[in-house]
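Architecture at a glance
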Amino acid sequence: MKLGDRPLANPDVVLREEYDDWAVLFDPETANAVGINPVGVFIWRLLDGRNSVEQIAARVADGFDEVPGSAPEEVRAFVERLAAGGFVGFAATGATP
Amino acid sequence: MMPTLTTSTDRGEARLPRLEQIYFYLTAGCNLACRHCWLAPKFDPDGSRYPTLPVALFERAIAEALPLGLTGVKLTGGEPLLHPRIEELLAIVGERDLALTLESNGLLCTPRLAAAIAQIPKRAVAISIDGVDAATHDGVRGVAGSFDRAVQAVRDLVAADTPPQIIMSIMRYNLDQVDAMVRLAEKLGASSVKFNLVQPAARGQALYDTERAVSVANMIALGRRVATELAPATRLRLDFDLPPAFRPLSAVARGDGRGICNITAIIGVLPTGHYALCGIGEHIPELVFGQIEADPLARVWRDNEVLRTLRAGLPDRLEGVCADCLMRHRCLGSCVAQNFYEHKNLFAPFWFCERACKDGIFPQSRLAGRRAQAADSAAGAGEAKS
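Quick notes on the rules
- Residues numbered from 1 in each chain as written.
- Chains lettered and ligands numbered in written order.
- Predicted model: local features only at pLDDT ≥ 70, side-chain atom pairs only at ≥ 80, totals over all residues.
- Helix = DSSP H or I, 4+ residues; strand = E, 2+ residues; numbered from the N terminus.
- Buried ≥ 20, exposed ≤ 12 C-beta atoms within 10 Å, placed from the backbone.
- Contact = placed C-beta atoms within 7 Å.
- Rg over C-alpha atoms; globule rule 2.2 N^0.38 Å.
- Expected span 1.5 Å × (residues − 1).
- Pairing = 2+ DSSP bridges.
- Core = buried A, V, L, I, M, F, W, Y, C linked by C-beta atoms within 7 Å.
- Axes fitted to C-alpha atoms, helices over the stretch in contact; angles between N-to-C directions.
- Parallel < 35°, antiparallel > 145°, perpendicular 65-115°, else oblique.
- Left-handed = near helix turned anticlockwise from the far one by under 90°.
- Nonpolar A, V, L, I, M, F, W, Y, C, P; charged D, E, K, R; others polar.

Some details on the overall build of chain B
Check the secondary structure of chain B and you find 16 helices and 13 strands. A principal-axis box enclosing the C-alpha atoms of chain B has dimensions of 65 × 50 × 45 Å. Across the 386 residues of chain B, 50% fall into the buried class. Restricting the contact set of chain B to residue pairs at least 6 apart, pairs at least 24 apart contribute 71%.

Some remarks on the overall build of chain A
When helices and strands are counted, chain A shows three helices and five strands. Across chain A, helices and strands are ordered from the amino to the carboxyl terminus as β-β-β-β-α-α-α-β. What you see for chain A is a C-alpha radius of gyration of 14 Å, in line with the 13 Å of a compact globule of 97 residues. Projecting the C-alpha coordinates of chain A onto the three principal axes gives extents of approximately 50 × 35 × 15 Å. In chain A, 54% of the contacts between residues at least 6 apart in sequence involve partners at least 24 apart.

What to know about helix 5 (residues 146–159) of chain B
An α-helical segment advances 3.6 residues per turn. Residues three or four places apart therefore align on the same side. Residues and elements named next belong to chain B. If you check helix 5, its first and last C-alpha atoms are 20 Å apart, about what 14 residues at 1.5 Å a residue would give, namely 20 Å. Those residues of helix 5 lying buried are Ser146, Phe147, Ala150, Val151, Ala153, Val154, Asp156 and Leu157. Where helix 5 is buried, its residues contact helix 3 (111–118), strand 7 (123–128), helix 4 (134–141), strand 8 (165–169) and helix 6 (178–188). Following helix 5 by one or two positions, Asp161 has its phi on the positive side, about 65°.

Some thoughts on the environment of Pro41(B)
Residues and elements named next belong to chain B. Here Pro41 shows up in the loop between strand 3 (29–30) and strand 4 (42–43). Along the primary structure Pro41 and Ala134 are separated by 93 residues, whereas in three dimensions their C-alpha atoms are 22 Å apart. The residues touching Pro41, leaving out its near neighbours within four places in the chain, are Ala28, Gly29, Cys30, Gly77 and Gly78.

Comments concerning the pairing of strand 3 (residues 23–27) of chain A
Residue and element names in this part refer to chain A. Of all five residues in strand 3, four are buried; the element is thus mostly enclosed. Both strand 2 (residues 14–17) and strand 3 contribute to a ladder of four bridges, which runs antiparallel. Its bridge partner being in strand 3, Leu15 is matched across the sheet by Leu25. The hairpin formed by strand 2 and strand 3 contains five residues between the paired strands, and Asp21 there has a positive phi angle of roughly 75°. Between strand 3 and strand 4 (residues 32–36), which follow one another and run antiparallel, lie four residues, and Ala31 among them has a positive phi close to 65°.

Describing the nonpolar core
Soluble globular proteins tend to pack their nonpolar side chains together in the buried interior. Membership of the largest hydrophobic core comes to 148 residues, with the highest contact counts inside it found for Leu25(A), Phe24(B), Ile166(B), Val193(B) and Cys353(B). Element by element, the count of residues in this core is highest for helix 5 of chain B, at six residues.

Some thoughts on unusual backbone geometry
Gly78(B) follows Gly77(B) through a cis peptide bond whose omega is 10°. Of note, the bond from Leu314(B) into Pro315(B) is cis; its omega dihedral lies within 30 degrees of zero at 0°. Position of Pro315(B) among the secondary structure elements: in the loop between helix 11 (305–313) and helix 12 (321–324). Of note in this structure, Ala31(A) is not a glycine but carries a positive phi near 65°. Here Ala31(A) is to be found in the loop between strand 3 and strand 4.

Section: the packing of helix 1 (residues 55–65) of chain B against helix 2 (residues 86–95) of chain B
All names here are of chain B. Packing of helix 1 against helix 2 leaves a shortest axis separation of 10 Å and a crossing angle of 15°. Looking at the two axes, helix 1 sits roughly parallel to helix 2. The two elements helix 1 and helix 2 cross, and the hand of that crossing is right-handed. From helix 1, Val55, Phe58, Glu59 and Ile62 reach across to helix 2, where they touch Glu88, Leu89 and Ile92. Of the residues that constitute the contact of helix 1 with helix 2, the class distribution is five nonpolar, no polar and two charged.

Regarding the sheet that holds strand 6 (residues 99–104) of chain B
Residues and elements named next belong to chain B. Strands sit in the order 10-9-8-7-6-5-2-11-12-13 across an open sheet of 10 strands; the sheet is mixed. Both outer strands of the open sheet, strand 10 (237–241) and strand 13 (288–291), are each paired with one neighbouring strand and no more. The mean angle between the axes of side-by-side strands here comes to 20°, regardless of whether they run parallel or antiparallel. Two elements, strand 6 and strand 7, share five bridges in a ladder whose sense is parallel. Paired with Thr101 across the two strands is Ala124, which belongs to strand 7.

A few points about helix 3 (residues 71–84) of chain A
Taking 1.5 Å per residue, 14 residues should reach 20 Å; helix 3 of chain A reaches 20 Å between its end C-alpha atoms and fits that length. In the stretch just after helix 3 of chain A, Gly86(A) is the one whose phi turns positive, near 85°.

Next comes the structure, spelled out in structure tokens:
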């Protein structure tokens, strides 16, 4: 198996939405937390192991106004930061030899 | 487009931090008698009755702090403009290329003083105005005519290219004037408005004892209204000075950390020339660390037991709700001096957060530990609204 390009939210992590549409991602195992803005919340909900980063970026472009051309890179960087913090993994795409 | 805000960090072992700021409490007296003052200086209409910090000690403290990392000073009081040699002090700040923060009631701010302040390249001035009319402000401040002079101070500072922040402390006396204060600040040309929580210390305690302070629940609700309704509708920056757990993440991510006390990078100097945690040292001898003439600042900064204990213990030794708060690395217990004043414990939780927790209105989204697990379980679907 190898890790693919389809990010998957850590199922232990809790999304806690706040009154201004920002949210806190909280990992009860590590007590790590990160604050994310409404775009980040939108992306978080798409981290199901089926959507690629490119597909997620396309959904962001469809769902928000004035999305910059750099959105795919920003989405990837965002997901990688979450992955570095243990909030996200990547779905396996196949068996290793 | 997608900023994130880390609320938990690995700070590693405690190191000797830079001494970035000195808070100079320049005068033991004050020319006002504010109902909510947490320091309660003695009334001194012309600055002649009670100690003021000698210029030589001001200079010496700065000279000794520069090698430790000093980048700025806050001049406060009492009332800093009551200092008989305030222009000399301002000149010293400018000559050392330090950032100036000046907190004043504005009564003694003249066009000449405003011009002297404007000579300092890095400067931020705050004028306290607690009502949008003379009856309210003068009633809170205890001296007739103080409203007109504070408003004139704002005008003089604006004219001198130093548009000030207006600080309004929220009490029952002025609770219905928050919106109008924003309009007044816009009209005067202020740079921002900061809404302060009254601390239950000294005269502030009396306000709580007599139910003239605003409840925790009402302060939380007002803070949200300021963030969601008033702030988007004005060109001014609005800061609502509640602990970070009660501030919108959007504001924290923008860097609206103003009002958060970075206690591990600050030392206070009292009018007598004593080093202290902050101005509250005038009431708490345990938080006085030495004297400028007798004790080298480098040694005080490095060796003082209170400072060492704080460095080693913040934020991990914080107790109560602070121990479970996801914002504790930013907040550091909000006001250690206030916490110590109440409990004689450097790591006691902040009173406002404890009260909110007890009343069930602490934002559950900002909690870790058992309290958070309970909240997340209650939310069922794995998502909890704050």
